[in-house]
Amino acid sequence: MEQASTAPSSPAQATGLNWAPQLETGDARMDHTHEEFVTMLNQLLATPQDQQLPLYREFLEHTVEHFAQEERWMLATGFSEDNCHASHHATILETMRAVIPHYEGEDPEIITRLAEALVEWFPQHAASMDAGLAMHLKNVGFDSTTETLVDPSKVRPASMSGCGSVSCS
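Residues numbered from 1 in each chain as written. Predicted model: local features only at pLDDT ≥ 70, side-chain atom pairs only at ≥ 80, totals over all residues. Heavy atoms only, no water.

Asker: Tell me about the overall build of the protein, and name the residues and values.
Answerer: The helix and strand tally for the protein stands at four helices and four strands. Start at the N end of the protein and walk to the C end: the helices and strands fall as β-β-α-α-α-α-β-β. The 169 residues of the protein split such that 46% are buried. Here the protein has roughly 8,900 Å² of accessible surface; of this, 54% comes from carbon and sulfur atoms. (Helix = DSSP H or I, 4+ residues; strand = E, 2+ residues; numbered from the N terminus. Buried < 20%, exposed > 50% of the residue type's maximum accessible area, 1.4 Å probe, protein only. Areas by Shrake-Rupley, 256 points an atom, 1.4 Å probe, with all protein chains shown as cover.)

So, in structure tokens, the structure goes:
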């Protein structure tokens, strides 16, 4: 993957987001999915606005699958269904879905505006909620590649609420 250079202290750049160690959560499968997310986000921003819709639809589909994957892991490892991490996902997806009719209704800049907002949102989400989830997965012995628990008795179904992180921001 081709990357533009940025200062080492911040993976964000004016027109996109570089994949950087600061975005890693410690779970290889989650990090791979996140890197795909970042790549697609950057592709959207590099695409002329009048050509973004097909790529945006693919990005939305990827994001739906990305969030469903994490939520499947949450439920398998004891998060309640109504935790705030999943609520953040639902809010992002609701916003992403609303973009398509606006784009089709003569707002050709809306995909770019949303992509720029996601560039700002994603690093904090990955560093807090996703890193917290990755730590939880490790602590309960969940293998995200096989989606299995080493010892299922370590987890009580829906025993954890909250975000899977220290804060819920």
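Moving on, there is more to tell.
Asker: Tell me about helix H2 (residues 52-76), and please be specific about residues and values.
Answerer: The first and last C-alpha atoms of H2 sit 36 Å apart over 25 residues, in line with the 36 Å expected at 1.5 Å per residue. Gly78 occupies a position one or two residues after H2 and carries a positive phi of about 105 degrees. (Expected span 1.5 Å × (residues − 1).)

Asker: Before we move on, can you summarise the environment of Asn42 with the specific residues and values?
Answerer: Here Asn42 shows up in helix H1 (residues 28-46). A sequence separation of 27 residues divides Asn42 from Thr15, and the C-alpha atoms of the two residues are 7.6 Å apart. Setting aside anything within four residues of it in sequence, one finds Asn42 in contact with Gly16 and Leu17. (Contact = heavy atoms within 4.5 Å.)

Asker: Pulling in residues and values, what's your account of the packing of H2 against helix H3 (residues 84-104)?
Answerer: In contact at an axis separation of 10 Å, H2 and H3 are set at 165 degrees when each is read in the N-to-C sense. Judged on the interaxial angle alone, H3 and H2 are roughly antiparallel. When you trace H2 past H3, the crossing you get is left-handed. On the side of H2, the interface is formed by Gln52, Leu53, Tyr56, Arg57, Phe59, Leu60, Thr63, Val64, Phe67, Glu70, Glu71 and Met74, while H3 contributes His85, Ala86, His89, Ile92, Leu93, Met96, Arg97, Val99, Ile100, Tyr103 and Glu104. The class makeup of the residues in the contact of H2 with H3 is 14 nonpolar, four polar and five charged. (Axes fitted to C-alpha atoms, helices over the stretch in contact; angles between N-to-C directions. Parallel < 35°, antiparallel > 145°, perpendicular 65-115°, else oblique. Left-handed = near helix turned anticlockwise from the far one by under 90°. Nonpolar A, V, L, I, M, F, W, Y, C, P; charged D, E, K, R; others polar.)

Asker: Account for the packing of aromatic side chains, with residues named and values stated.
Answerer: Applying the stated criterion across every chain, the model contains five aromatic pairs. Between Phe67 and Trp121 the ring centres are 6.4 Å apart and the planes differ by 70 degrees, which places this aromatic pair in the edge-to-face class. Of this pair, Phe67 sits in helix H2 while Trp121 sits in helix H4 (residues 110-140), and the two are 54 residues apart along the sequence. One exposure class covers both Phe67 and Trp121, and it is buried. (Phe/Tyr/Trp six-rings, centres within 6.5 Å; stacked < 30°, edge-to-face > 60°.)

Asker: Break down the environment of His89 for me, citing the residues and quoting the values.
Answerer: For His89, the location among the structural elements is in helix H3. Taking the C-alpha atoms as reference, His89 lies 9.0 Å from Glu71; in sequence the two are 18 residues apart. Discounting chain neighbours no more than four positions away, the residues touching His89 are Phe67, Glu70, Glu71, Met74, His125 and Asp130. Of note is the side chain of His89, whose polar atom sits 3.4 Å from the side chain of His125. (Polar contact = N/O pair within 3.5 Å; in protein donor to acceptor, adjacent residues only side chain to side chain.)

Asker: Report on the nonpolar core, specifying residues and quantitative values.
Answerer: Grouped together as the largest cluster of nonpolar side chains are 30 residues, with contacts concentrated most on Tyr56, Phe59, Met96, Ile111, Leu118 and Phe122. Within the residue set of this core, elements represented by two or more residues are H1, H2, H3 and H4. Of all the elements, H4 adds the most residues to this core, at nine residues. Those residues in contact with Tyr56 that lie beyond four places of it in its chain are Leu44, Met96, Arg97, Val99, Ile100, Ile111 and Leu114. Of all hydrophobic cores here, the second largest spans eleven residues; its members include Trp73, Leu133, Leu149 and Val155. (Core = buried A, V, L, I, M, F, W, Y, C linked by side-chain atoms within 4.5 Å.)

Asker: Tell me what's going on with the side chain of His66, and back it up with residues and numbers.
Answerer: By secondary structure assignment, the location of His66 is in helix H2. For His66, a relative accessible area of 2% gives the class buried. Discounting residues that sit within four places of it in the chain, His66 has contacts with Thr33, His34, Phe37 and Phe122.

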